[in-house]
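Chain residues, written in single-letter form:
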Amino acid sequence: MRRLRLSLLGLCADALLVTHLPNVRYLCGFTGSSGWLLVEQDRSTFFTDSRYTFQARQEVLGARIQIAPHGLINSLAEALKGRRRLRLAYSPAQLSVAQFNALKAGLGGRVRWVRASQLIETLRAVKDASELNTIRDACMLISRVFEQSVASIRPGVTELALAAKIEFAIKSRGAQGPSFETIVASGPRSAWAHATPSLKPFRKNELVVLDQGAILRGYCSDMTRTVFLGRPTPKVRRLYGAVLEAQDAAKAAIRPGVTAQSVDAAARKALRSQGLERFFTHSTGHGLGLEVHEMPRLGRGEETVLQQGMVLTVEPGVYLDGFGGIRIEDDVVVTSSGAEDLTTAPRELLGL
Ligand code: GLY
Ligand code: MN
């Protein structure tokens, strides 16, 4: 909250309306599904509805709680009624057109709207020691879930059945749930980088991509492993080795002071040297924290400078239409001099 107030001064705004729930949680601790936070220099007010009266009392720190009987917009208008002029910052990407129009109608001409994008996201990108501990635990948990579930990959078992086992294990081990819908994709379907699990059964001699994450105490992990059902063929070994090298190259490029795009370029260069760059069809990684995708994105044209304490995924892959895909994804933290692995599951190619 203190760091945010400093950025607000820089924007010449009197207040910031925080409408994105992960940002609300980051600033005041509320974990429910409905709530806005109004941050001013000398006070903060948290608005929620009556379902969350007791929860808000228990969770919210550093803000006055206002239960909204007739919706958040009316409550906000009510709270700001006496004010003459207010420069109110908001994030356009986190407010619908309908909400913005209703706010404008409710607050009238007293408010000057100041567009402010990624103010809180920039603060969230660098994790403190307690956030790092939690993410470390979330990464260890999902690594164990993977090691446990891989034993269930057998011919005849469906992608959906394995995804269900993974998600059961995530909750059984004390996490809130998956940080995104678990991806299990086998055979030619493993070439779909973002497949959803289907009723397709595993067959002998095919690739299986498993992409899974857990939310533990609010923080996400995200890891991918690719295994081969049978004895890996020379082609599979070659492709797997190339993706592993690309991941190593990207990790080696990470340190404070470099740009996000340079990490992406390192992975692409490694795949290019094997003639495989055109099969790598997404970016190299993304920030990870309260959300599974957050700042910074490790992709082409991304000029964000990496800082110590950022948590990133490093997930190069190759996807060959009709044949299959291979992706290897680890989570790392940027240290004072490089990248430290948070994902603990082994990376070598498993033949099952
Ligand atoms: N693991 C899913 C994703 O990063 O999109
Ligand atoms: Mn990811």
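Up top you'll find the structure we're talking about.
Structural notes, computed from the coordinates. (Residues numbered from 1 in each chain as written. Chains lettered and ligands numbered in written order. Predicted model: local features only at pLDDT ≥ 70, side-chain atom pairs only at ≥ 80, totals over all residues. Heavy atoms only, no water.)

Re the coordination of the manganese ion (ligand 2)
Coordination of the manganese ion (ligand 2) by the protein is provided by D222 (OD), H286 (NE2), E315 (OE) and E329 (OE), with metal-donor distances spanning 2.1 to 2.3 Å. Read in sequence order, the donor residues coordinating the manganese ion (ligand 2) give the pattern D-x63-H-x28-E-x13-E. Linking D222 in the loop between β11 (219-220) and β12 (223-229) with H286 in strand β13 (residues 285-287), this pair joins segments that are 64 residues apart in sequence. Residue D222 shares its accessibility class with H286, and that shared class is buried. (Donors = N, O, S within 2.8 Å, 3.2 Å for Na, K, Ca; no water. Helix = DSSP H or I, 4+ residues; strand = E, 2+ residues; numbered from the N terminus. Buried < 20%, exposed > 50% of the residue type's maximum accessible area, 1.4 Å probe, protein only.)

Details of unusual backbone geometry
Following M295, the chain continues to P296 via a peptide bond in cis, the omega torsion being -5 degrees. The phi torsion at C12 lies on the positive side, around 60 degrees, for a residue other than glycine. Within the secondary structure layout, C12 lies in the loop between α1 (2-11) and β1 (15-18). Residue N205 is not a glycine yet carries a positive backbone phi of 60 degrees. Examined against the element boundaries, N205 turns out to sit in the loop between β8 (183-186) and β9 (206-212).

Topic: helix α8 (residues 159-172)
For α8, spanning 14 residues, the distance from its first C-alpha to its last is 20 Å, which sits close to the expected 20 Å at 1.5 Å a residue. The set of residues buried in α8 consists of E159, L162, A163, I166, A169 and I170. Each buried residue of α8 lies within a common arc of 125 degrees when the element is viewed along its axis, so the set occupies one face. Facing away from the buried surface of α8 by more than 90 degrees, the exposed residues are F168, K171 and S172. Elements in contact with the buried residues of α8: α7 (129-149), β7 (177-178), β8, β9 and β10 (214-216). (Expected span 1.5 Å × (residues − 1). Arc of directions from axis to C-beta. Contact = heavy atoms within 4.5 Å.)

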